[in-house]
Amino acid sequence: AATQMAMMTNEQLARHLRQFKGDGESLQGRASREGLSSTVRKAVADNPRRFVDDLRPFLRVEPEYQESILEGFSDAWKAKHDFDWQAVLRFCSEIVTPAGFWSRDYANARNLRESIVAEIAGLIEDGTRDDSHAFGAAVLPQAEELLIQLLQKTPYVLVTEDDLWMQVHNSAKGRVLVAAINYSLRCARLKKAANDKDRWPKRMKDAFTARLNRSRDDSLEFSFILGEYLANLYYLDQQWVESNINRMFPKANEKHWVAAFTGYLAGRGVYDALYDLLRKNGHYAKALAASFMTPRSRERLVDHLCVGYLGGKEPMDDAGSLFST
């Protein structure tokens, strides 16, 4: 199958995918379709440039095959294969722009819309995370446009507060938010190299600011990501974080405060400026009195307080110390 696929044009392959009659209802049929999807993924991963020359035929194939193509490009990039990012992002945009993409009902099947959005976000994250292997600055405006569209349209599907990290990072909305931050950090590093002090791209900053109004974005994903990436957001715009800290961690909105502080405790490291900011605004004290803690979160909270103690911020003999709470 892989050999035959390599001999086809993109148009011929797309026609083959459309005409393939693997029955999606039976176990054998699903296995056949999954096998074909896996073959497509590997073909793209092995030779991304051959596919990127003309991706338009694949706009007419089933979403499961589009997902495989996107996975293949991600595999190729991780394997250090280069390709035309502008063509790939244009393909992504053409998948998600039609209204039908967002209205399709996946009630009785795997939600391929979630999967495709997550793959697109993952691709952008792959292309911006590491400056030694990132797409060029010329591609950034196209990536931004796509991310703004996904931020606006990706639905909120997280419904439980259990194991938030796993849920957030496996959700399409969570993946889009992480990609938006990685995109912003890539822009910021380029601006820093050019001595540009306005680090955070304005449209992305505006998108995050608007979502601090939880009536606009009631997703726990957003609150969790705000907490987990607090240090990165502080790097992007210190004044924005300081001005909005109590909107990022809204004490009057318990479920969002819990999500944000759980995300914060899931983040790496303890930073003096953030410790002081959250302590001053009563968030550590609230956490100590809270009952939401998982064993992992409570362990991380203790780590934070120990760092505070070692840094002289929480002396044992001080009535104002968090240890006396």
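Residues numbered from 1 in each chain as written. Predicted model: local features only at pLDDT ≥ 70, side-chain atom pairs only at ≥ 80, totals over all residues. Heavy atoms only, no water.

1. Digging into helix H9 (residues 140–153)
Inference 1: In a regular helix each residue adds 1.5 Å, so 14 residues correspond to 20 Å; H9 covers 20 Å between its end C-alpha atoms and thus fits that length.
Inference 2: Turning to H9, its buried residues number three or more, namely Leu 140, Ala 143, Glu 144, Leu 146, Leu 147, Ile 148, Gln 149, Leu 150 and Leu 151. (Helix = DSSP H or I, 4+ residues; strand = E, 2+ residues; numbered from the N terminus. Expected span 1.5 Å × (residues − 1). Buried < 20%, exposed > 50% of the residue type's maximum accessible area, 1.4 Å probe, protein only.)

2. Section: the pattern of salt bridges
Inference 1: Per the stated rule, a full pass over the model turns up 23 salt bridges.
Inference 2: Residue Lys 205 is joined to Asp 237 by a salt bridge in which the shortest nitrogen-to-oxygen separation is 2.6 Å. Here Lys 205, found in helix H12 (residues 202–211), pairs with Asp 237, found in the loop between helix H14 (230–236) and helix H15 (238–248); they are 32 residues apart in sequence, far enough to count as distant.
Inference 3: The exposure class assigned to Lys 205 is partly exposed, which follows from its relative accessible area of 25%.
Inference 4: Among the residues examined, Asp 237 registers a relative accessible area of 15% and is labelled buried.
Inference 5: Among the charged side chains, a network of salt bridges with common partners joins Arg 41, Glu 71 and Asp 75. (Salt bridge = Lys/Arg side-chain N within 4 Å of Asp/Glu carboxyl O.)

3. A few points about the packing of helix H6 (residues 85–96) against helix H8 (residues 112–128)
Inference 1: At their nearest, the axes of H6 and H8 sit 11 Å apart, and the two run at 155° to each other. If you check the angle between H6 and H8, you find them roughly antiparallel. Two packed elements cross with a definite hand, and for H6 against H8 that hand is left-handed. Contacts between H6 and H8 involve Trp 85, Val 88, Leu 89, Cys 92, Ile 95 and Val 96 from the first element and Ile 116, Ile 120, Leu 123, Ile 124 and Gly 127 from the second.
Inference 2: In the contact of H6 with H8, the residues fall into ten nonpolar, one polar and no charged. (Axes fitted to C-alpha atoms, helices over the stretch in contact; angles between N-to-C directions. Parallel < 35°, antiparallel > 145°, perpendicular 65-115°, else oblique. Left-handed = near helix turned anticlockwise from the far one by under 90°. Contact = heavy atoms within 4.5 Å. Nonpolar A, V, L, I, M, F, W, Y, C, P; charged D, E, K, R; others polar.)

4. Comments concerning unusual backbone geometry
Inference 1: Even without being glycine, Lys 80 reaches a positive phi, approximately 70°.
Inference 2: Note on placement: Lys 80 falls in the loop between helix H5 (63–78) and H6.
Inference 3: Overall, the relative accessible area of 54% leaves Lys 80 in the exposed class.

5. Some thoughts on the packing of helix H16 (residues 254–266) against helix H19 (residues 295–310)
Inference 1: H19 packs onto H16 with a crossing angle of 65° between their chain directions and a minimal axis gap of 9 Å. Considered as vectors, H16 and H19 are oriented roughly perpendicular to each other. When you trace H16 past H19, the crossing you get is left-handed. In this structure, H16 contributes Phe 261, Thr 262, Tyr 264 and Leu 265 to the contact, and H19 contributes Ser 297, Arg 300, Leu 301 and His 304.
Inference 2: A per-class count over the contact of H16 with H19 returns four nonpolar, three polar and one charged.

So far we have only geometry, and geometry alone does not tell us how the molecule works.
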